[in-house]
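Structural characterization, general
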Amino acid sequence: MLVERRTDGEARGRRASLMADLSLVGICVIWGTSFAIVKTVVQGINPAAFIAARFALAAVLIGLGAWNRVKILNWATWRAGLLLSIPLFSGFILQTHGLGATTASKAGFITGMHVVFTPLLQWIILRRRVHGYEAAGVGVALAGLGMLTLSGSARPSAGDLLVLACAFAFAVHIVMLAHYSPRHDVVLLSFTQMVWAALLAALVAGRDITEVLSYNRELVLSVAYLGAGGTALAYLVQTVAQKYTPPIRAALILQLEPVFAAIFARILIAEQMSGRQYAGAVTIFAGILVCQIGDSMLEREVS
């Protein structure tokens, strides 16, 4: 009986892990569309005001969807949300400014560099050992990112460097989320992140926050789509998923974001990918596969 219960529990754990991984792929599709959208709509407006509107809408939607739970929020969750919102907002503002000086496709790829930062940060912050197969998966994914991003003189632009800083901020957020997500109600944690990020963006925007009141139809629709799908839904899903997906594997799965970013950049704003870049996308998939196979083998050894 004990063996059967253990087997059932392990099966449920594997299913939960698989669903978590698939949900992370789903949000990569949503985020992949955001690069082309943001690049086309934020010209001539304050990016911080746009981000504030996006996070504010996300906070409202999550708050309405979980009103009874929001009413019992405690300071510990508010504090965790504040700490998480700092790298989250930093990543968004750096990425948005960077998109003004680089292509949507390239920005997506460089954002994927968070996979390089995550293992180091995981060791520094969480004191978790980096397994050999995880290092191998990171190395393969890094090679893929190099194929996707570097060409000619391989000299990065100012926009590239801003997006690279954004990647570091997102890596910090991934690792911190792995720490706080199991300790708090995931919906409430998502809600507090959205509230704090909206407030931080509003503070950075300053008087320009009033721009939101004069947004045209295209900007309003962009805020609605990115706030509801790319922020509220996506970060709620990520917060839940990281209860079951280790930080490095989460970072590797999120490497699909630049692949989808390139696909949608081509569809929506006619940016092109070269054969080398397509090869890089396939290499990223290989890095993800290495990590997933390693996790599976490790679970079998433990059981």
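Here's what I pulled together on the structure shown here.

Criteria and thresholds
- Residues numbered from 1 in each chain as written.
- Predicted model: local features only at pLDDT ≥ 70, side-chain atom pairs only at ≥ 80, totals over all residues.
- Heavy atoms only, no water.
- Helix = DSSP H or I, 4+ residues; strand = E, 2+ residues; numbered from the N terminus.
- Rg over C-alpha atoms; globule rule 2.2 N^0.38 Å.
- Buried < 20%, exposed > 50% of the residue type's maximum accessible area, 1.4 Å probe, protein only.
- Axes fitted to C-alpha atoms, helices over the stretch in contact; angles between N-to-C directions.
- Left-handed = near helix turned anticlockwise from the far one by under 90°.
- Contact = heavy atoms within 4.5 Å.
- Nonpolar A, V, L, I, M, F, W, Y, C, P; charged D, E, K, R; others polar.
- Salt bridge = Lys/Arg side-chain N within 4 Å of Asp/Glu carboxyl O.
- Phe/Tyr/Trp six-rings, centres within 6.5 Å; stacked < 30°, edge-to-face > 60°.
- Core = buried A, V, L, I, M, F, W, Y, C linked by side-chain atoms within 4.5 Å.
- Expected span 1.5 Å × (residues − 1).
- Polar contact = N/O pair within 3.5 Å; in protein donor to acceptor, adjacent residues only side chain to side chain.
- Disulfide = S-S within 2.5 Å.
- Patch = residues over 30% accessible without salt bridge, like charges linked within 9 Å, V, L, I, M, F, W, Y side chains within 5 Å.
- Areas by Shrake-Rupley, 256 points an atom, 1.4 Å probe, with all protein chains shown as cover.
- Parallel < 35°, antiparallel > 145°, perpendicular 65-115°, else oblique.

Observations concerning the overall build of the protein
Each helix and strand counted, the protein has 13 helices and zero strands in total. For the protein, the succession of helices and strands along the chain, N to C, is α-α-α-α-α-α-α-α-α-α-α-α-α. Relative to the globule expectation of 19 Å for 303 residues, the C-alpha radius of gyration of the protein, 19 Å, shows essentially globular dimensions. For the protein, the spread of C-alpha atoms along the principal axes amounts to about 65 × 55 × 35 Å. For the protein, with 303 residues in total, the buried portion stands at 51%.

So, the packing of helix H5 (residues 104–111) against helix H8 (residues 158–180)
Interaxial distance between H5 and H8 falls to 8 Å at its minimum, and their mutual angle equals 35°. For the pair H5 and H8, the crossing hand works out as right-handed. On the side of H5, the interface is formed by Lys106, Ala107, Ile110 and Thr111, while H8 contributes Asp160, Val163, Leu164, Cys166, Ala167 and Phe170. Across the contact of H5 with H8, the residue classes break down as seven nonpolar, one polar and two charged.

A few points about the pattern of salt bridges
For the coordinates displayed, the defined rule picks out one salt bridge. Of the charged contacts, one joins Asp185 and Arg69 as a salt bridge, the two residues approaching to 2.7 Å between their closest N and O atoms. Of the two residues, Asp185 is situated in the loop between H8 and helix H9 (186–205) and Arg69 in helix H3 (residues 67–70); the sequence distance between them amounts to 116 residues. With a relative accessible area of 36%, Arg69 lands in the partly exposed category.

Regarding the packing of aromatic side chains
A complete count under the given rule lists five aromatic pairs for this structure. For the ring pair Trp78 and Phe191, a centre distance of 6.0 Å and an interplane angle of 65° mean the geometry is edge-to-face. On the criterion of sequence distance, the pair formed by Trp78 in helix H4 (residues 75–99) and Phe191 in helix H9 is long-range, its members being 113 residues apart. Members of the aromatic cluster, connected to one another through ring pairs, are Phe55, Phe92 and Phe170.

Focus: the nonpolar core
Ranked by size, the top nonpolar core spans 78 residues in total, and within it Phe50, Phe55 and Met194 carry the most contacts. Apart from the residues lying within four places of it in its own chain, the contact partners of Met194 are Phe55, Ala58, Ala59, Ile62, Leu88, Thr231 and Tyr235. Ala80, Leu121, Leu126 and Met176 belong to the second-largest nonpolar core, a separate cluster that totals twelve residues.

With respect to the environment of Ser274
In this structure, Ser274 sits in the loop between helix H12 (256–269) and helix H13 (275–302). A residue is classified by how much of its surface remains accessible, and Ser274, at 35% relative accessible area, is partly exposed. The sequence separation of Ser274 and Leu188 amounts to 86 residues, and the corresponding C-alpha distance is 43 Å.

A word on helix H2 (residues 47–65)
Compared with an ideal rise of 1.5 Å per residue, which puts 19 residues at 27 Å, H2 spans 27 Å between its outermost C-alpha atoms and is within 8% of the ideal. N-capping of H2 is provided by Asn46, with a side-chain oxygen placed 2.8 Å from the backbone N of Ala48.

Details of the state of the cysteines
Going through the model one piece at a time under the given rule, you end up with zero disulfides. With no disulfide of its own, Cys28 lies 14 Å from the sulfur of Cys166, the closest cysteine sulfur.

Notes on a nonpolar patch on the surface
A cluster of nonpolar residues, Leu120, Trp123, Ile124 and Ile125, forms a patch on the protein surface that exposes about 400 Å² of accessible area. With respect to the helices and strands, the residue Ile125 is situated in helix H6 (residues 114–126).

Observations regarding the packing of H8 against helix H10 (residues 217–241)
Between H8 and H10, the shortest axis-to-axis distance is 10 Å and the interhelical angle comes to 50°. Here H8 lies oblique to H10, going by the angle between them. On H10, the residues that touch Phe170, His173, Ile174 and Leu177 of H8 are Tyr235, Gln238 and Thr239. Its residues placed into classes, the contact of H8 with H10 shows four nonpolar, three polar and no charged.

Remarks on the environment of Leu162
Along the chain, Leu162 turns up in helix H8. In the structure, Leu162 is positioned 85 residues away from Pro247 in sequence and 23 Å away in space, judged by C-alpha atoms. Ignoring anything within four residues of it in the chain, the contact list for Leu162 reads Leu94, His97 and Gly98.

Re the side chain of His173
Within the secondary structure, His173 sits in helix H8. The class for His173 is buried, based on a relative accessible area of 2%. In this structure, His173 is in contact with Leu84, Pro87, Leu88, Gln193, Tyr235 and Gln238, ignoring residues within four places of it in sequence.

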